[in-house]
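Residue strings, one per chain:
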Amino acid sequence: MSSLTITLVTRELYLNRWLIATAIFAGLLSVYLASTSQMGYRIGVLAWLTIIVTIGVILPMYGIHQERKDHSLLFALSLPLSGADYARAKMLGLLLCFFLPWFILSLAAVVLVLAMPGIPDGMLPFVVLLSGFLIANFSLVLCGALLMTSEALIISVVIVTNMCVSLFLFIVFSIPGINDYVQSAVPVWNEVVWTVLIVEVAVLSFALLLPLLVIPRRRTFI
Amino acid sequence: MKTSAFEMRNVRKAFRFFALDDVSLELEPGQIMGFVGPNGAGKSTTLRILMGLVHADGGEVRLLGHPIPRDQRVAKRDIGFVSSDMRLFQQATLSWHMRFVASIYSEWDAAYATLLVRRFNLQPEQTVKNLSTGEHAKAALLLALARRPRLLILDEPTAGLDPVARHEVLAELMEVLRDERRAILFSSHNTVDVERISDRITFIDRGRVVDSSNKEEFLERWRRLQLQLGAGIRLPQSPEIVDLSVDGQFTTLTTDRFTPELATQIQQAGATILEVQRMSLEEIFVANVMRHRKERAQ
């Protein structure tokens, strides 16, 4: 990795530092809330989910789309790099900005499941799958923001991926191989869980590779 | 052999509603080229092709000897690019930008940057979103100048600035040119700014370069002659005559190659020359563009 890429990734972390810190703080607060009571659990889980989904939308929208819209992209592209170099650094930077809160909050959710006596450990595979889904979902929004210049198209991607969160919760939770073991005392890592996880990794890889393949072929970067 | 600051040979770029057609330009180190054209003429597209931000469909582009877009990473190390469209990162302060740019360019001159902060009356701890248009333009210029680039590419840098800010910016550009290894490509539709600082001028209109020459040569060649033509007198057809307009008994002749011989030729045709006027760059620009539009329409 070149020193300029590192500088740009660091810049991304710096510019989004308050957003990352707020998401981590609010996310941990929601996990704590989830541990307090039955009602707190419901509100906390909903808040946890909302925070990760929201930061997953804000980062690409402000980091890529807004930068294009307010012409600060032109300043970035005046630096000694190509448009494709910048897109790579941007992707890496925003991925890291999302990864930090996502990882900490996912870990906090795992700890909540394992530490809370009221929550069966059988929930663990579902929590892991949900976390995997959220990072895959983010990577799709990131991919859309990197590849599309039309605001309407990017908003469409955001709407569709947000709808997918509800769909994921309904569909995956109702799959027998998952739903049957949610209340079990020990986590069950069966074939269904691994299949969903592989699909999530495939979506994540596709969404991250596509911009790397398409953007270097572009002839106009602004 | 001295490397050109930049070179464009037969560059083409087609968009849906606009095309840059066969653009060839060259600038030597130590020169300022004023790149003048009406809105939508292709100035920004040309500069963006130079910067590797837009890839040309054909032709050759070299920036400080490096082929573009292939070697833009290397070439852009020595380029300062400022555009009136360009915005710095809204959430960050000017001092953050200065540290950011300094971390990328080893040639960053911190003392010069501090001097420019004072000269431009900027507040380094102010966030970019709170800067006025003039302050923003000066901040962007500061970031480009303090890295001591060999070539400055400026796309309408004085657009939207008040007269004082414009004066400050132009004065700083003149200062830069004291170092004769540096070059500036300066695009604008403000001919007053261009006339003030440029030593080479290129006119572009509707995607084509219509004329390119030294400023002094332009100002020397172009003249407007006030004539009185007697009844039945017709001036000879001549490629030097760019425009002829008749207002009652007076005729105004515009020429792009004024010589004493042309004056003699006109007098021999029976016309009386009442006055020979020098033309401002703006008048030359407008006459030049109108002539080429007429030629293209025919």
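Per chain, the residues get numbers from 1 upward, laid out in the order the sequence is written. Chain letters start at A and ligand numbers start at 1, both assigned in the order the entries are written. This being a predicted model, a pLDDT of at least 70 is required before a residue's local features are given, and a value of 80 or more before pairs of side-chain atoms are given or counted; all residues contribute to the totals for chains, interfaces and linings.

Turning our eyes to something else, we now look at the overall build of chain B. The number of helices and strands found in chain B is ten helices and 14 strands. C-alpha extents for chain B along the principal axes are approximately 75 × 40 × 40 Å. Exposed residues have 12 or fewer other C-beta atoms within 10 Å of their own C-beta, buried residues have 20 or more, and residues in between are partly exposed; the C-beta atoms are placed from the backbone. A buried classification covers 41% of the 298 residues belonging to chain B. Here contacts are defined at the residue level, using C-beta atoms placed from the backbone and a cut-off of 7 Å between them. Taking all contacts inside chain B whose residues are at least 6 apart in sequence as the whole, residues at least 24 apart take part in 72%. Comment: elements are numbered from the N terminus, with helices defined as DSSP H or I runs of at least four residues and strands as E runs of at least two.

The next thing to look at is the sheet that holds strand β8 (residues 183-188) of chain B. Residues and elements named next belong to chain B. The mixed open sheet is built from six strands, whose spatial order is β6-β7-β8-β3-β9-β10. Of all the strands in the sheet, the pair left with one neighbour each is β6 (79-83) and β10 (208-214). Adjacent strand axes in the sheet meet at a mean angle of 15 degrees when their direction is disregarded. What counts as an axis is a line fitted to C-alpha atoms, over the stretch in contact for a helix, and the angles between N-to-C directions run from 0 to 180 degrees. Across the sheet, helix α1 (residues 43-50) is in contact with β3 (32-36), β7 (151-155), β8 and β9 (200-205); its angle to β7 comes to roughly 150 degrees. Whether two strands pair depends on DSSP finding at least two bridges between them.

Moving on, we come to the packing of helix α1 (residues 3-15) of chain A against helix α5 (residues 83-115) of chain A. Geometrically, a packed helix pair is captured by the angle between its two axes and the distance between the axes. All names here are of chain A. For the pair α1 and α5, the least separation of the axes is 8 Å and the interaxial angle reads 40 degrees. It follows that α1 is oblique to α5 by the angle criterion. Handedness of the α1/α5 crossing: right-handed. Counting all contacts with α1, which are made through Thr5, Leu8, Val9, Glu12 and Leu13, the residues of α5 involved are Ala89, Leu92, Gly93, Leu94, Leu96 and Cys97. Amino acids are sorted into nonpolar (Ala, Val, Leu, Ile, Met, Phe, Trp, Tyr, Cys and Pro), charged (Asp, Glu, Lys and Arg) and polar (every other residue, Gly among them). Across the contact of α1 with α5, the residue classes tally to eight nonpolar, two polar and one charged. Here the angle decides the label: under 35 degrees means roughly parallel, over 145 means roughly antiparallel, 65 to 115 means roughly perpendicular, and every other value means oblique. Rotating anticlockwise by less than a right angle from the far helix to the near helix defines a left-handed crossing, while the corresponding clockwise rotation defines a right-handed one.

Moving on, we get to the environment of leucine 27 of chain B. Residue and element names in this part refer to chain B. Turning to its location among the elements, leucine 27 is positioned in strand β2 (residues 19-27). When the C-alpha atoms of leucine 27 and lysine 129 are compared, they prove to be 35 Å apart, with 102 residues separating the residues in sequence. Dropping the residues within four chain positions of it, leucine 27 is found in contact with Ser4, Ala5, Phe6, Met33, Ala183, Leu185 and Arg200.

Residue and element names in this part refer to chain B. The sheet built from four strands is open, its strands ordered β12-β13-β11-β14 with antiparallel pairing. Here the strands that pair on one side only, and so sit at the sheet edges, are β12 (241-247) and β14 (271-278). Neighbour to neighbour, the strand axes of the sheet diverge by 20 degrees on average, direction disregarded. The pairing of strand β11 (residues 223-229) with strand β13 (residues 250-255) spans six bridges and is classified as antiparallel. Along β13, the bridge assignment pairs glutamine 226 with threonine 252. Sheet contacts for helix α9 (residues 260-268): β11, β13 and β14; angle to β14, the most-contacted strand, approximately 150 degrees.

Once that is clear, we can look at unusual backbone geometry. All names here are of chain B. With an omega dihedral of 10 degrees, the bond running from isoleucine 68 to proline 69 counts as a cis peptide bond. Of note, proline 69 is situated in the loop between β5 (66-67) and α2 (72-75). Positive phi, normally seen in glycine, also occurs at aspartate 22, with a value near 55 degrees. When you line up the elements, aspartate 22 lands in strand β2.

All names here are of chain B. By the criterion of burial, α1 is predominantly enclosed, with eight of the eight residues buried. Along α1, the residues that are buried comprise Lys43, Ser44, Thr45, Thr46, Leu47, Arg48, Ile49 and Leu50. Just downstream of α1 lies glycine 52, where phi reads positive at about 80 degrees.

Here we come to the domain arrangement of chain B. For chain B, the assigned domains read domain 1 (6-217) and domain 2 (223-278). An automatic or database domain assignment supplies the residue ranges for each domain. Distance from the C-alpha centre of domain 1 of chain B to the C-alpha centre of domain 2 of chain B: 40 Å.

All names here are of chain A. Orientation of helix α3 (residues 38-69) relative to helix α6 (residues 124-147), taken along the N-to-C sense of each, is 20 degrees, at an axis distance of 9 Å. In terms of orientation, α3 lies roughly parallel with respect to α6. In terms of crossing hand, the pair formed by α3 and α6 is right-handed. The residues of α6 that touch α3, namely those facing Ile52, Val53, Gly56, Val57, Pro60, Met61, Ile64 and His65, are Leu134, Asn137, Phe138, Val141, Leu142, Ala145 and Leu146. Residues of the contact of α3 with α6, tallied by class, amount to twelve nonpolar, three polar and no charged.

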